[in-house]
Every structure is written in structure tokens, then in C-alpha cells.
Amino acid sequence: MKTHRVFITVMGICLICFQTLSGIAQNKIQDFRVIAFYTGRADLAHISFVHEANRWFPKMAAANHFTYDSTNNFNNLNEKFLSQYQVVIFLDTRPDSPTQRKAFEEYMKKGGGWMGFHFAGFALTPSDFPQNWDWYHNEFLGSGSYVSNTWRPTPAVLRVLDKNHPVTKNLPDTFRSAASEWYRWSNDLRKNPQIDILLSIDSSSFPLGTGPKLYEIWHSGFYPVVWTNKNYRMVYFNMGHNDMDYEHKTNKELSQTFSSSEENQLILNTLLWLGNKQ
């Protein structure tokens, strides 16, 4: 009987240990919070994406054990507020005030995670969004200024260039993206040793764009669309511009960014990598 009691006791202890370890592992997965910043006030295509993102990310949060919050108050880009979050997302722009910019830079230099979409990388001088933040556009993103884009928004075949990075896990070599307006940049990211280009537009996509302006249709060239900076925990996505019915003036949404399962997996992989710091 004593042996039987000892056996039960040992089994009980093992069960408690297993439950404790399982709880720790589960808490680790759940222990990150995401905050998305947006303006939602310029360009209907970007506004459409913001609304879509603020529907999609909460669903991913519920299914993947993280917390997603969003705000259009960029004054929240301060040390105290950001300290509550492990990942920051810029959905449709970047901060303009020096105080906000400094807080974000310090957050990233201290190991914070960041994901940016489409217009968050835009900078053009002269414009309402000039290139007046060298750390962000030249060092952090590495892309410099916007040069040109395809039109109208169309899907592209994307090629995975770094198959060993956690964010490209379980992705095929190539896949068809959702429709987007694709950007060309002033800096050649291939020449920057700190930049790891994760995906680019595959040559099978050409010609890319429909015009009607001929220079808005790409026929050749190298175009990175997703990359990370090795000095920071960050990933930039060129996606985030939905196709809208401007032609017939209905302003109807004609495409959705979160309509490609492979692209969605890429975004989710990125978020989990940033949040779990694996």
C-alpha cells in the first residue's frame, strides 16, 4: 500500500509540474500586446485598408493569444504609453512631431517590435509628407524617398528571397499577393548590408500595373516589397492600398488586402515573431 501511495504521489507531482510548465508556456505565448497607430484621413484606398486591418487583426489576436489595440492619437507615441506594448504597427503613416519621433526611435533602440504598411514608408519632397526624418527613412527603413508607383492597384507574384527567416516559415517559393499599389524607392536596398530583403516582386508579374500612364506600368527591374533591418526588430510591408472605384466615382472598395492566404500567413508570422521575440 505504501508503494501504491508513493506512486500516486509521484504521479501527482508530475501532473502538477506538467500543468505548471504548460501554464508557463501558454502565458509566454499570450504575453504580448500590439498597438496600431493610424490617421485614416487621407486617400480612400488607405482608409479602406485601415478599416480592414482594424477588423482583421482583432480576429487574429483572439485566435493567436495576443492583445490588439488601435489608436489615431499619435500623442500616445511616448515612453510611458509605449512601455505597455511589445509591438507597434504603423497602418497608414508615420509621426510628424519631433517628440513623437524621438519616442519611437528610443522605443525601437531599446528592443521594441514594429510592423509598417505601405504609406508608412512614404516620403517625398516636396509633398505633405516630405523626407525630413533621416533616421526613419534612411537608417531604419533604408529605403530613402518614394520615387514612383504602379497604377492601378493589382496583385503581383511575390518571391520569397530569405527562406530561413522566421516570418517566411511555411510559405511557398512564390505566391500571388492581394492587389496593391507598388512603390519604387530612391535607395537600392540590395546595397545596404543591414537590410534583409525577405520578398520581392517576381519577374513573372511583368508587366505590372495597367496605367493608363505608360510609366506606371513596370516591365522589368528589381522591387523589394517586404524587408527587415538587422539592427532592429522590424518588418516593412509595401502592401496596404486597396483598389477603389475612382473611375466611376462610386468610391466602392474593389479589393481587400487580407484576401491572400499566403500573404495573411506572412503577416501573422511576422507579428508572432515580433511579439514573442523568438
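Residues numbered from 1 in each chain as written. Predicted model: local features only at pLDDT ≥ 70, side-chain atom pairs only at ≥ 80, totals over all residues. Heavy atoms only, no water.

1. Digging into the overall build of the protein chain
To keep things clear, this is the line we draw: Starting at the N terminus, helices and strands are each numbered in turn, a helix being any DSSP run of H or I of at least four residues and a strand any DSSP run of E of at least two. Burial classes follow relative accessibility: with a 1.4 Å probe on protein chains only, a residue under 20% of its type's maximum area counts as buried, one over 50% as exposed, and anything between as partly exposed. Residue contacts are counted whenever heavy atoms from the two residues lie within 4.5 Å of one another. Surface accessibility in these figures is a Shrake-Rupley result with a 1.4 Å probe; residues are shielded only by whichever protein chains are displayed.
A count of helical and extended segments in the protein chain gives six helices and 11 strands. Residue burial in the protein chain is summarised as follows: out of 278 residues, 53% are buried. By sequence separation, contacts in the protein chain at least 24 residues apart represent 74% of the contacts at least 6 residues apart. A total of about 13700 Å² of accessible surface is found on the protein chain, and carbon and sulfur atoms cover 54% of it.

2. Examining the pairing of strand E4 (residues 113–117)
Quick reminder of the rule: At least two DSSP bridges between two strands are needed for those strands to be called paired. Convention used here: a crossover is right-handed provided that the path from the first strand, over the helix, to the second strand proceeds clockwise when the strands point away from the viewer.
Extensive coverage of E4 is indicated by the burial of five of its five residues. With burial as the criterion, each face of E4 is covered, one bearing Gly113, Met115 and Phe117 and the other bearing Trp114 and Gly116. Of the pairings in the sheet, the one linking strand E3 (residues 87–90) to E4 comprises four bridges and is parallel in character. Bridged to valine 87 within E4 is glycine 113. Handedness of the crossover joining E3 and E4 through helix H4 (residues 98–109) is recorded here as right-handed.

3. Remarks on unusual backbone geometry
Leaving glycine aside, a negative phi is the common case for residues, and trans is the common case for peptide bonds. A cis amide bond links phenylalanine 206 to the next residue, proline 207, at an omega of 0°. You can see proline 207 is positioned in the loop between strand E9 (195–201) and strand E10 (224–229). The backbone of histidine 65 sits at a positive phi, close to 65°, despite the residue not being glycine. Tracing the sequence through the fold places histidine 65 in the loop between helix H2 (44–64) and strand E2 (67–71). Non-glycine residue histidine 118 carries a positive phi angle of around 40°. Along the chain, the position of histidine 118 falls in the loop between E4 and helix H5 (134–140).

4. With respect to the sheet that holds E9
Two modes of strand pairing occur in sheets, parallel and antiparallel, and in both the strands are linked by backbone hydrogen bonds. Quick reminder of the rule: Whenever a helix is involved, its axis is fitted only over the stretch in contact; in every case the axis is a line through C-alpha atoms, and angles between N-to-C directions fall within 0 to 180 degrees.
The mixed open sheet is built from nine strands, whose spatial order is E2-E1-E3-E4-E11-E10-E9-E6-E7. With one partner strand each, in any of the chains shown, E2 and strand E7 (174–176) form the two edges of the open sheet. Averaged over all pairs of adjacent strands, the angle between strand axes in this sheet comes to 20°, irrespective of strand direction. With respect to the sheet, H2 is in contact with E2, E3 and E4, its orientation differing from that of E2 by roughly 160°.

5. Examining the packing of aromatic side chains
Selection criterion: Note on aromatic contacts: the rings of Phe and Tyr and the six-membered ring of Trp form a pair at centre separations within 6.5 Å, being stacked when their planes are under 30 degrees apart, edge-to-face when over 60 apart, and tilted otherwise.
All told, the structure shown has 42 aromatic pairs when counted by the stated rule. Look at tryptophan 114 and phenylalanine 140: their rings are 5.1 Å apart centre to centre, the planes differ by 65°, and that puts the pair in the edge-to-face class. You can see tryptophan 114 sitting in strand E4 and its partner phenylalanine 140 sitting in helix H5, a full 26 residues away along the chain. Relative accessible area serves as the criterion here: at 0%, tryptophan 114 is assigned to the buried category. Phenylalanine 140 gets classed as buried once you look at its relative accessible area, which sits at 0%. Taking 5.9 Å as the distance between ring centres and 40° as the angle between the ring planes, the aromatic pair formed by tryptophan 133 and tryptophan 135 counts as tilted. Among the residues examined, tryptophan 135 registers a relative accessible area of 8% and is labelled buried. Members of the aromatic cluster, connected to one another through ring pairs, are Phe37, Phe74, Phe81, Tyr85, Phe90, Phe104, Trp114, Trp133, Trp135, Tyr136, Phe140 and Tyr232.

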